[in-house]
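Structural overview
Residues per chain, in single letters:
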Amino acid sequence: MLALQVKNETSRLRAVILGSANDNGPTPTAEEAYDPKSLEHVLAGTYPVEKDMVEEMEAFLRVFEKYDVKVYRPKTIPNYNQIFTRDIGFVIDDIFIKANILPDRERELDAIQYIIDEIDPAKVLRPPEEVHIEGGDVMLWNDHIFIGTYKGSDYSAYITARTNMAGVNYIKELFPNKIVKEFDLVKSRIEARDNALHLDCCFQPIGENKGIIYKSGFREESDYLYLVALFGKENLFHITRKEMYHMNSNVFSIAPKVVVSERKFKRLNNWLRDQGFKVEEVPYAEIAKQEGLLRCSTLPLIRD
């Protein structure tokens with residue numbers, strides 16, 4: 001049996017599901033693009049090719065191997081994008097929650113079913129149909145659960161709005177002893193620089209008491225101020241609109257002092273080193289063109 005345990009974003013990682021770029025399928029059409037950044041690259045002819053994305057994921061895999069992390073991969077679905085495992089499920093404490101994702105992506109869950117079969121069935125949950133929640137919006141911080149959502153009345157019109165208030169309330173009911181705090185995120189169907197697709201596109205905790213944050217990713221300043229009060233402004237690395245676009249907040253922690261980051265994030269990586277972190281730099285700029293980065297392509301199962 002696989003004994004799940006995840007209580008925060010940064011404890012020592014022991015087991016993870018890493019997405020796959022193998023047999024990724026053709027470049028989507030403009031109509032098929034799920035987010036404004038992918039659309040931008042489809043229209044510009046700069047959408048990433050499979051070979052480059054496979055190489056980037058292999059570089060990430062080598063970092064996991066270096067730290068002796070058990071890595072699972074989804075079974076390959078021919079001609080299909082399986083990079084972003086974070087969207088399809090997530091672990092809170094010892095519970096695996098299957099996400100109600102966009103219907104087109106249901107097959108991605110089937111591809112990791114062989115891993116889910118190793119978990120105690122009583123610890124695997126599927127929310128009711130009206131509950132929308134994706135792993136990129138769910139962030140654990142010990143006794144806190146941070147959840148990104150979109151409270152606009154036009155929620156259903158936005159393919160970029162992935163977690164609804166029913167999702168927030170579902171987690172509140174499931175974990176009554178946790179402080180569940182939702183954050184209303186800025187969404188755009190057409191401008192990737194103004195679209196926080198998930199919470200991890202504009203915020204992520206690192207280490208014991210620090211975080212990376214993009215102030216303008218929050219629709220309400222009070223949500224941003226909540227995090228400033230919790231972490232302390234001096235402990236937050238504020239990223240710019242351009243850095244948010246390049247996904248600077250979407251790094252991944254292997255341990256409290258070990259962060260995997262994109263090699264081009266010079267300003268962030270220097271700050272991390274100044275703060276005493278070991279930064280494992282990998283190339284991930286091609287995958288970033290799909291509005292997802294390192295955190296998006298991982299689904300942690302066990303942290304110490």
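Residues numbered from 1 in each chain as written. Predicted model: local features only at pLDDT ≥ 70, side-chain atom pairs only at ≥ 80, totals over all residues. Heavy atoms only, no water.

Thoughts on the environment of leucine 43
Mapping leucine 43 onto the fold places it in helix α1 (residues 36-44). Judged by relative accessible area, leucine 43 falls into the exposed class, the value being 62%. For the pair leucine 43 and lysine 233, spaced 190 residues apart in sequence, the C-alpha separation works out to 39 Å. (Helix = DSSP H or I, 4+ residues; strand = E, 2+ residues; numbered from the N terminus. Buried < 20%, exposed > 50% of the residue type's maximum accessible area, 1.4 Å probe, protein only.)

A short note on the pattern of salt bridges
Following the criterion strictly, the structure yields 22 salt bridges and no others. A salt bridge links arginine 105 to aspartate 87, with the nearest nitrogen and oxygen atoms 2.7 Å apart. Highlighted residues: arginine 105 in the loop between β4 (95-98) and α3 (106-110) and aspartate 87 in the loop between β2 (70-72) and β3 (89-92), separated in sequence by 18 residues. Taking relative accessible area as the criterion, arginine 105 reaches 6% and is therefore assigned buried. You can call aspartate 87 buried: its relative accessible area is 5%. (Salt bridge = Lys/Arg side-chain N within 4 Å of Asp/Glu carboxyl O.)

Observations regarding the pairing of strand β9 (residues 203-206)
Across the two faces of β9 the burial is the same, with Phe203 and Pro205 and Gln204 and Ile206 all buried. The sheet contact formed by β9 and strand β10 (residues 210-213) spans four bridges and is antiparallel. Across the sheet, the residue bridging to proline 205 is glycine 211, located in β10. Counting the residues in the hairpin turn of β9 and β10 gives three residues, including glycine 207, whose phi is positive at 60°. (Pairing = 2+ DSSP bridges.)

A look at the layout of surface pockets
The calculated volume of the second largest pocket comes to roughly 270 Å³. As for the second largest pocket, its lining consists of 19 residues, and the residues nearest its centre are His246, Lys264, Phe265, Ala285 and Ala288. When residues of the lining of the second largest pocket are traced back to their parent elements, those giving at least two are α1, α7 (241-245) and α8 (266-274). When its residues are assigned to classes, the lining of the second largest pocket shows seven nonpolar, three polar and nine charged. (1 Å grid on protein atoms, 1.4 Å probe; cavity = no way out; pocket = protein on both sides within 12 Å on 5 of 7 lines; lining within 4 Å. Points joined across faces, edges and corners; volume = space filled by probe spheres on them. Nonpolar A, V, L, I, M, F, W, Y, C, P; charged D, E, K, R; others polar.)

Things to note about the pairing of strand β7 (residues 144-149)
Counting buried positions over the six residues of β7 gives six, a clear majority of the element. Side chains His144, Phe146 and Gly148 project from β7 onto one buried face, and the interleaved Ile145, Ile147 and Thr149 project onto a second face that is buried too. Direction of pairing for strand β6 (residues 138-141) relative to β7: antiparallel, over a ladder of four bridges. Looking across to β7, one finds that methionine 139 is bridged to phenylalanine 146. Hairpin connection between β6 and β7: a loop of two residues separates the two successive antiparallel strands, and asparagine 142 in this loop has a positive phi of roughly 60°.

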